[in-house]
Amino acid sequence: MATLFISDLHLDALRPEPLTRFQALLAGPARQAEALYILGDLFETWIGDDDDRPPHPEVLTALADLCATGTPVYVMRGNRDFLMGARFEAETGCRLLPDPTVVDLYGEPTLLMHGDTLCTQDLEYQTFRRQVRDPRWQSGFLARPLTERAALAQKAREGSRMATQGKAEAIMDVTAEAVVETMQAHGVRQLIHGHTHRPAIHRLVLQSGEARRIVLGDWYQTDSVLVLDERGPTLTRVADVVGTRPTIAAPRARPGSAQITRS
Ligand code: MN
């Protein structure tokens, strides 16, 4: 049996197609999987566990239905949905994972992260992250009415979009030093993360030997899914796992399976 990993779906009401693929994955292959891991940014925005704006109820239903079949679903918070909490867990049956978490996968200790903490060159973002992960900031924010939180989140997103446009590509990627330090600190030779939207399987060498960093892709373009079993990792697309390709208006390049690079 395989274990499935996805991240950066950024589900929202404006783009129904990723939601359809998510529902197909959860109603199909995920039921046969050993577990499903969602490593952050499942939602484009999640401004509290009372955030019932579309398509959130449908997403929660799909998760609850899958959990009810017995497939464990582990969810890590991303930078878009860091306010997921106990009520989300109770309503879906998913278990929230701290970032980072080490799990044993087919005998290999594996570090799971969303990935944003590895982008250490983006000082502006790291300052923002510290602010919004502060429990006092969070309780203050959550005490505001939903509509007010939605307006604030919208404003923050516009600000982030403008800041992102002015940043060099390299600043928004992980730094090699942070990857090596973090993996060595946790004593692992396998890391799986998302966030950067640059799907790949990178080989690297640590003091402990050969290692790999698997980066999940986003669902804006690629509906990326990692299938991991005792034979190793396959970075592929949901359409290929579900067995039916969705009808998409514009033809897209076929991004094969695992792209192996060295870094
Ligand atoms: Mn992210």
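Heads up: the structure comes first, above all this text.
What counts and how
Residues numbered from 1 in each chain as written. Predicted model: local features only at pLDDT ≥ 70, side-chain atom pairs only at ≥ 80, totals over all residues. Heavy atoms only, no water. Donors = N, O, S within 2.8 Å, 3.2 Å for Na, K, Ca; no water. Helix = DSSP H or I, 4+ residues; strand = E, 2+ residues; numbered from the N terminus. Buried < 20%, exposed > 50% of the residue type's maximum accessible area, 1.4 Å probe, protein only. Pairing = 2+ DSSP bridges. Axes fitted to C-alpha atoms, helices over the stretch in contact; angles between N-to-C directions. Arc of directions from axis to C-beta. Contact = heavy atoms within 4.5 Å. Core = buried A, V, L, I, M, F, W, Y, C linked by side-chain atoms within 4.5 Å. Parallel < 35°, antiparallel > 145°, perpendicular 65-115°, else oblique. Nonpolar A, V, L, I, M, F, W, Y, C, P; charged D, E, K, R; others polar.

S.K.: Just checking my understanding: could you explain the coordination of the manganese ion for this structure?
M.R.: In a perfect tetrahedron of four donors around a metal, the angles come out at 109.5 degrees. In a perfect octahedron of six, they are 90 or 180 degrees. Looking at the manganese ion, the protein donor atoms are Asp41 (OD), Asn79 (OD1), His114 (NE2) and His195 (ND1), and they sit 2.1 to 2.3 Å from it. For the manganese ion, all donor residues lie on one chain, and their spacing in sequence is D-x37-N-x34-H-x80-H. Placement of His114 in the loop between β6 (108-112) and α5 (123-132) and of His195 in the loop between β7 (190-193) and β8 (200-206) is noted, with a sequence separation of 81 residues between them. Just as His114 is buried, His195 falls in that class too.

S.K.: Help me understand the sheet that holds strand β1 (residues 3-6) in this model?
M.R.: Read from one edge of the open sheet, six strands run β4-β3-β2-β1-β10-β11, paired in mixed fashion. Across the chains shown, the open sheet's two edge strands, defined by having one partner strand only, are β4 (95-97) and β11 (232-237). When the angles between neighbouring strand axes are averaged without regard to direction, this sheet yields 25 degrees.

S.K.: Honestly, α5 in this entry has me stumped. Any pointers?
M.R.: Side chains of residues three or four places apart in an α-helix project in the same direction, reflecting 3.6 residues per turn. For α5, the full list of buried residues reads Tyr125, Gln126, Arg129 and Val132. The arc that holds the buried residues of α5, viewed along the axis, is 130 degrees, so those residues lie on one side. In α5, the exposed positions angled more than 90 degrees off the buried face are occupied by Leu123, Glu124 and Arg130. Those residues of α5 that are buried lie in contact with α6 (135-142).

S.K.: What is the right way to look at the nonpolar core in this model?
M.R.: Nonpolar side chains tend to gather and get buried jointly when the protein is soluble and globular. Ile6, Phe22, Ile38, Leu42, Leu63, Val73 and Phe88 are the most contacted members of the largest nonpolar core, which has 39 residues in total. Contributions of two or more residues to this core are made by β1, α1 (16-27), β2 (35-39), α3 (56-68), β3 (73-76), α7 (146-165) and β10 (224-229). The biggest single contributor to this core is α3, with six residues. Residues Phe5, Met76, Leu112 and Ile214 belong to the second largest nonpolar core, which totals 17 residues.

S.K.: I tried to follow the packing of α1 against α3 on my own but got confused; where do I start?
M.R.: Each packed pair of helices is defined by two parameters, the angle between the axes and the distance between the axes. The N-to-C vectors of α1 and α3 enclose an angle of 10 degrees; their axes lie 9 Å apart at closest approach. By the angle class used here, α1 and α3 are roughly parallel. For the pair α1 and α3, contact is made by Leu19, Phe22, Gln23 and Leu26 and by Glu58, Val59, Ala62, Leu63 and Leu66, respectively. Here the contact of α1 with α3 is built from residues that sort into seven nonpolar, one polar and one charged.

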